[in-house]
Amino acid sequence: MLSVEGLSVRAGSLELVRDVSFGIAPGERVGLIGESGSGKSLTALSLMGLLPEGVTASGKASLDGQNLVGVPERELKGLRGRVASMVFQEPMTALNPTMRVGKQVAEVMTLHGVARGDARLRALELLSRVRLPQPEQLARAYPHQLSGGQRQRVMLAIALANEPALLICDEPTTALDVTVQKQMLELIAEVAPALLFITHDLAVVASVCERVLVMYGGRVVESGPMREVFTRPRHRYTQGLLDSSRLTPRGTRLPTIKGTVPSAGEFPDGCVFRNRCPFASDMCLSEPVLTGDGHAFACWHPGD
Ligand SMILES: Nc1ncnc2c1ncn2[C@@H]1O[C@H](COP(=O)(O)OP(=O)(O)O)[C@@H](O)[C@H]1O
Ligand SMILES: [Mg+2]
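Residues numbered from 1 in each chain as written. Chains lettered and ligands numbered in written order. Predicted model: local features only at pLDDT ≥ 70, side-chain atom pairs only at ≥ 80, totals over all residues.

With that settled, the discussion passes to the pairing of strand β2 (residues 14–24). Note that strand β1 (residues 2–11) and β2 share seven bridges and pair antiparallel. In the sheet register, serine 3 faces β2, and the bridge partner there is glycine 23. Once β1 ends, the chain turns through two residues before running back antiparallel as β2, passing glycine 12 with a positive phi of about 60 degrees. (Pairing = 2+ DSSP bridges. Helix = DSSP H or I, 4+ residues; strand = E, 2+ residues; numbered from the N terminus.)

Listed below in C-alpha cells is the structure:
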C-alpha cells in the first residue's frame, strides 16, 4: 500500500535522509526508531508533503499508487487526507480552545467537501469510535472541559476523519499518565488503517508494532519483524540502542552508546555509525549496504 523507494531528503548540500526504502501493507503497524537527529521526522514529513522551507525530498514514495514525493502544492491538500498524522505532545494547543470539540471534528470533513449535516453525524460516530463515552454530550464540550486523555482521543478522531489509508504518529510519549498512555496506544493500534509509529520508546514499539525500522544518520541501518530485531539485533547500533534501554532489576542502566549523534553533515563517510562503534575496522570506511530478506541490516561486523 505504502511504498517508499530510495527516499532522500536534503537541505541545500546537506543530505539529511539518504536512500530510505520500505513498505507498509494495509493493517500493518511499523515502528521507526533511532536516537534524536536520525532523520525519523523528516522521513515522515516527506510522506505528508510537509517538509520545512528549504528542505526537499527526492526518490519515490507512493500510497495506493499515488505519488507522494515532488507533488505540486495544489494536489497536496487531497493527499494529506490520505496520510493522516497525529502529534501528541500538545493537544491543548492543537485543538481550538474556543470551539466545541464536535465542531472541530466535523470541520475537518467540511473542509474536504462533506456536507455540514453529514459531517456532524460522522463526527459523533468518530467520537464513539475512539471510545469517548456519551459522544453527543462530549461533542458540545470545549477542550478545557476534557481530560488530557479525552483530548488525545479527540485528536485521534480528527486524524481519522477523512478515512486516511495511513496514520503516522510521531513521538507520542507525553505527559499523560502511564495507564492513560497505554490505553491510547492500544486504541491507536486498533483503529489505525495502517500505522507508521515514530518513537524513541522501544517498549512502545514492542507493544504496538509488528515490524521495525531502525534509523541512524539519515539511513535505515536495520529492519525486520519486531520480535526478531529486538531479540536478535544484528547492527551494532541497534544492539547499543536496545542495551541502553534495558533496565536492570535495580533500575540502573547498562552502558549507553558512547558519544552523541553527530550534527547533520558531520556523519563519517563509510558506515555512518563507525565513529561510535566499538567494532569498527578499516572495512567500515566503505559504506555497508542494507541486505537481507525480511530481517535486513547494514553492518560489516554484525552481532549474532
Ligand atoms: N529545516 C532543517 N534544515 C536543516 N537541517 C534540518 C532541518 N530539519 C531537521 N534538520 C536536521 O536533520 C536531521 C534529522 O532531523 P529529524 O528528522 O527531525 O530527526 P529525528 O526525528 O530522528 O529526531 C537532524 O540533524 C536535524 O538537525
Ligand atoms: Mg523527530
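In this structure, β1 lies alongside strand β4 (residues 55–63), joined through eight bridges in antiparallel fashion. Within β4, the position partnered with valine 4 by the bridge is alanine 61.

Taken in spatial order, the four strands make up an open sheet running β2-β1-β4-β5, and their pairing is antiparallel. Of all strands in the sheet, those with a lone pairing partner are β2 and β5 (66–67), marking the two edges.

With that settled, consider the confidence of the model for the protein. A residue-level look at the protein finds 92% of positions with pLDDT of 70 or above and a mean pLDDT of 90. Taken together, the stretch residues 247–254 has pLDDT below 50 and engages in six contacts with residues farther than four places along the chain or on a different chain. (pLDDT = per-residue confidence, 0-100. Contact = placed C-beta atoms within 7 Å.)

Turning our attention to the packing of helix α7 (residues 148–160) against helix α8 (residues 178–191). The description of two packed helices rests on the angle between their axes and on the distance between the axes. Their axes nearest at 10 Å, the elements α7 and α8 cross at an angle of 15 degrees. When the axes of α7 and α8 are compared, the pair comes out roughly parallel. For the element pair α7 and α8, the recorded crossing hand is right-handed. Of the residues in α8, those in contact with Gly148, Gly149, Gln152, Leu156 and Leu160 of α7 are Val180, Met184, Leu187, Ile188 and Val191. Its residues assigned to classes, the contact of α7 with α8 shows seven nonpolar, three polar and no charged. (Axes fitted to C-alpha atoms, helices over the stretch in contact; angles between N-to-C directions. Parallel < 35°, antiparallel > 145°, perpendicular 65-115°, else oblique. Left-handed = near helix turned anticlockwise from the far one by under 90°. Nonpolar A, V, L, I, M, F, W, Y, C, P; charged D, E, K, R; others polar.)

Here the focus is the site of ligand 1. In the vicinity of ligand 1 lie 14 residues, with Ala11, Lys40, Ser41, Leu42 and Ala264 positioned nearest. Across the shell around ligand 1, the residue classes tally to six nonpolar, seven polar and one charged. (Near = placed C-beta within 6 Å.)

Quick look at helix α1 (residues 40–48) now. Within α1, burial applies to Lys40, Ser41, Leu42, Thr43, Ser46 and Leu47. Phi turns positive, to about 65 degrees, at glycine 49, one or two residues after α1. (Buried ≥ 20, exposed ≤ 12 C-beta atoms within 10 Å, placed from the backbone.)

A few words on the packing of helix α4 (residues 101–110) against helix α5 (residues 116–129). Look at α4 against α5: their axes get within 8 Å of each other, and the N-to-C directions meet at 125 degrees. As the angle between them shows, α4 and α5 are arranged oblique. α4 and α5 meet at a crossing whose hand is right-handed. Contacts between α4 and α5 involve Gly102, Val105, Ala106, Met109 and Thr110 from the former and Arg116, Ala119, Arg120, Arg122, Ala123, Leu124, Leu126 and Leu127 from the latter. For the contact of α4 with α5, a count of residues per class yields eight nonpolar, two polar and three charged.

To continue, consider helix α11 (residues 236–245). Those residues of α11 not exposed but buried are Arg236, Tyr237, Thr238, Gln239, Gly240 and Leu241. Looking at the buried positions of α11, the neighbouring elements they touch are β9 (211–216), β10 (219–225) and α10 (226–231).

Position of leucine 132 relative to the elements: it lies in the loop between α5 and α6 (135–139). Along the primary structure leucine 132 and serine 286 are separated by 154 residues, whereas in three dimensions their C-alpha atoms are 54 Å apart. In contact with leucine 132, other than residues within four places in its own chain, are Leu127, Leu138, Gln150 and Arg153.

Counting 79 residues, the largest nonpolar core has Val105, Ala157 and Phe197 as the members making the most contacts within it. The element best represented in this core is α7, accounting for seven residues. (Core = buried A, V, L, I, M, F, W, Y, C linked by C-beta atoms within 7 Å.)

With that settled, the discussion passes to the environment of proline 233. Position of proline 233 relative to the elements: it lies in the loop between α10 and α11. On the basis of neighbour count, proline 233 is assigned to the buried category, with 25 C-beta atoms found within 10 Å. Sequence-wise, proline 233 and aspartate 304 are 71 residues apart; in three dimensions their C-alpha atoms are separated by 7.5 Å. Residues within four places of proline 233 in sequence aside, it is in contact with Glu222, Thr238, Gln239, Leu242 and Gly303.

Bringing unusual backbone geometry into the picture now. Notably, aspartate 19 is not glycine yet its phi reads approximately 50 degrees, a positive angle. One can find aspartate 19 in strand β2. Phi is positive for aspartate 64, which is not a glycine, with a value near 50 degrees. Residue placement: aspartate 64 occurs in the loop between β4 and β5.

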